[in-house]
Every structure is written in C-alpha cells, then in structure tokens.
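# A look at the structure
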Amino acid sequence: MPHPGSSYHHGDLRAACVRAARELLEEDGAAGLSLRAVARRAGVSPTAPYRHFADRDALVSAVAAHGYRELTEHLAAAHPAPKSPDDLADIAVAYVRFALERPAMFKVMFAEPCDPASEERAAAITAISGYLHNLVRGVFPDRDPEPLADAVWALAHGLAFLHLDGKFDTSTPEQASGRVRTAVHALFPRSSTIG
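Residues numbered from 1 in each chain as written. Predicted model: local features only at pLDDT ≥ 70, side-chain atom pairs only at ≥ 80, totals over all residues. Heavy atoms only, no water.

### With respect to the packing of aromatic side chains
The condition that has to hold: In summary, the pairing rule links any two rings of Phe, Tyr or Trp, Trp by its six-membered ring, whose centres are within 6.5 Å, and it sorts them by plane angle into stacked for under 30 degrees, edge-to-face for over 60 and tilted for everything else. By definition, any uninterrupted DSSP run of H or I lasting at least four residues is a helix, any uninterrupted run of E lasting at least two residues is a strand, and each is numbered from the N terminus. Put simply, a charge is over a ring when the Lys NZ or the Arg CZ is close to the ring centre, within 6 Å, and near the line of the ring normal, within 35 degrees.
Following the criterion strictly, the structure yields 6 aromatic pairs and no others. Ring centres of F106 and F110 lie 4.8 Å apart, and the angle between their planes is 55°; on these two criteria the pair is classed as tilted. Linking F106 with F110, this pair stays in helix 5 (residues 103–111), spanning 4 residues, or about one helical turn. Among the aromatic residues, those joined into a cluster by ring pairs are Y68, Y95, F106, F110, W153 and F161. Taking NZ or CZ as reference, R143 lies 5.2 Å from the ring centre of F140, over its face. We note R179 situated over the ring of F168; from NZ or CZ to the ring centre the distance is 3.9 Å.

### Some details on the environment of P141
How we decide: A 1.4 Å probe rolled over the protein chains alone gives each residue an accessible area, and that area as a share of the maximum for its type sets the label: buried under 20%, exposed over 50%, partly exposed in between.
Along the chain, P141 falls in the loop between helix 6 (119–139) and helix 7 (145–164). Residue classification places P141 among the partly exposed residues on the basis of a relative accessible area of 44%. Spatially, the C-alpha atoms of P141 and K83 are 9.1 Å apart, while their sequence positions differ by 58 residues.

### What about helix 3 (residues 56–78)?
Quick note on the threshold: In a helix, the anticipated span is given by 1.5 Å times the number of residues less one. Residues adjacent in sequence count toward polar contacts only when both atoms are side-chain atoms; beyond that, a polar contact is any pair of N or O atoms within 3.5 Å, and within protein one must be able to donate a hydrogen and the other to accept it.
Over its 23 residues, helix 3 extends 33 Å from the first C-alpha to the last, a length consistent with the 33 Å expected when each residue adds 1.5 Å. Between the side-chain oxygen of the N-cap and the backbone nitrogen of D57 there are 3.2 Å, and the N-cap of helix 3 in question is D55.

### Describing the packing of helix 5 against helix 7
Let me state the cut-off plainly: Simply put, an axis is a line fit to the C-alpha atoms, just over the touching stretch for a helix, and the angle between two N-to-C directions goes from 0 to 180 degrees. When describing relative orientation, an angle under 35 degrees is termed roughly parallel and one over 145 degrees roughly antiparallel, while 65 to 115 degrees is termed roughly perpendicular and anything else oblique. Handedness of a helix crossing follows the sense of rotation of the near helix relative to the far helix, less than a right angle counterclockwise being left-handed and clockwise being right-handed. Contact criterion: two residues are considered in contact whenever any of their non-hydrogen atoms come within 4.5 Å of each other. Each residue receives one of three labels: charged for Asp, Glu, Lys and Arg, nonpolar for Ala, Val, Leu, Ile, Met, Phe, Trp, Tyr, Cys and Pro, and polar for the others, Gly being one of them.
Running from amino to carboxyl end, helix 5 crosses helix 7 at an angle of 130°, the nearest separation of the two axes being 12 Å. By the angle between their axes, helix 5 is oblique relative to helix 7. The chirality of how helix 5 crosses helix 7 is left-handed. Along its contact with helix 5, which presents P103, F106, K107 and F110, the element helix 7 presents W153, H157, A160, F161 and L164. The residue makeup of the contact of helix 5 with helix 7, split by class, is 7 nonpolar, 1 polar and 1 charged.

Dropping the structure here:
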C-alpha cells in the first residue's frame, strides 16, 4: 500500500527512486545515498524503494547504469565518426570532462560497490564497451580492437581519476584538455592511423 500523500500513485516508483537518488548524489555525494533518504526525497514510505531495489547496491547499480548511458551519449557527441588520433583525443577529453562535471556520478559508476547481478548495469557497461571497440576500429581498422579498446579506456579513465583526485591541474578546462590531448598523442601519434 502506498504511503499516504506519497508520489507513488504516478505509477513509476522505480524511476522516481532513481531520480531522487541522482538528486541526492549531486547534493551530498555517495555518502548521503541510502534507500531511506531516497524514499524521503521521493515522498514515499521508507519501505517503498524495496519494491524495486533489494539494497543500496541495487539502487547504486541502477543510478550507475544511467550514468554509463549518459557517458556513452556524451562521448558519441564529442565526435560521431572518429577516424584519427585527434578524434580519439577529442573523445578522451570528453571522458575527462564528464568526470569533472559529474564527479559524484562518475565515482558511483566506477568506485562504489554494485549489485553484480544487475542486468541494467551490465547492459550499460556492455554498451560503452561496444562503443569503445567501434571507436578503435574506426581509428585503427587494422589493429585488434580488444586490447586497444582496453588501453584507450584505461588511459582516459586513469586521466579522469588523476584529475578528480587533484593530482593534475583542473583550474581551467583548457589545462585539463591540454594534458589529456598530450597524453593521447604520446601513445597514439597523429601518424599512427592506418588506412
């Protein structure tokens, strides 16, 4: 039975809980994220979120899945048809900017415990992995995409966390972008395109 005066009557409790979790995440970071806090924010009874989420890890997995989908869209928007190391650098910059613009979401996506059985999260990770494989196929068509996609993701991901953790200068977007571009070109020089 829905909590009196709750917003559950709209019929999409799961979406309301994920939306509330995202709001809390942006306000307080992952430390303030609990099923009870989500219920309070969504205006439902404290037990209502358990209809869709077995525990905090399941909720975090749902939030992270949204983040992975947004990241994939953000990267694709940075360069829709990458063909060169310069294009690859644009996408790496977009990856780091996503992390810097949404630090709490990025950390939930990559540093929080999750529900290993979450099909939604697994599908979102598969989508971003597929995007990266297609990316390296476009830039390096004659190379094995599996290890190269791993290397590209590791490079961008490491740069993102080094910036987030304050190891690299983020005082201006140009400073961060310049460092990322330089790192990408150190590993993938402009002359390394094939085809």
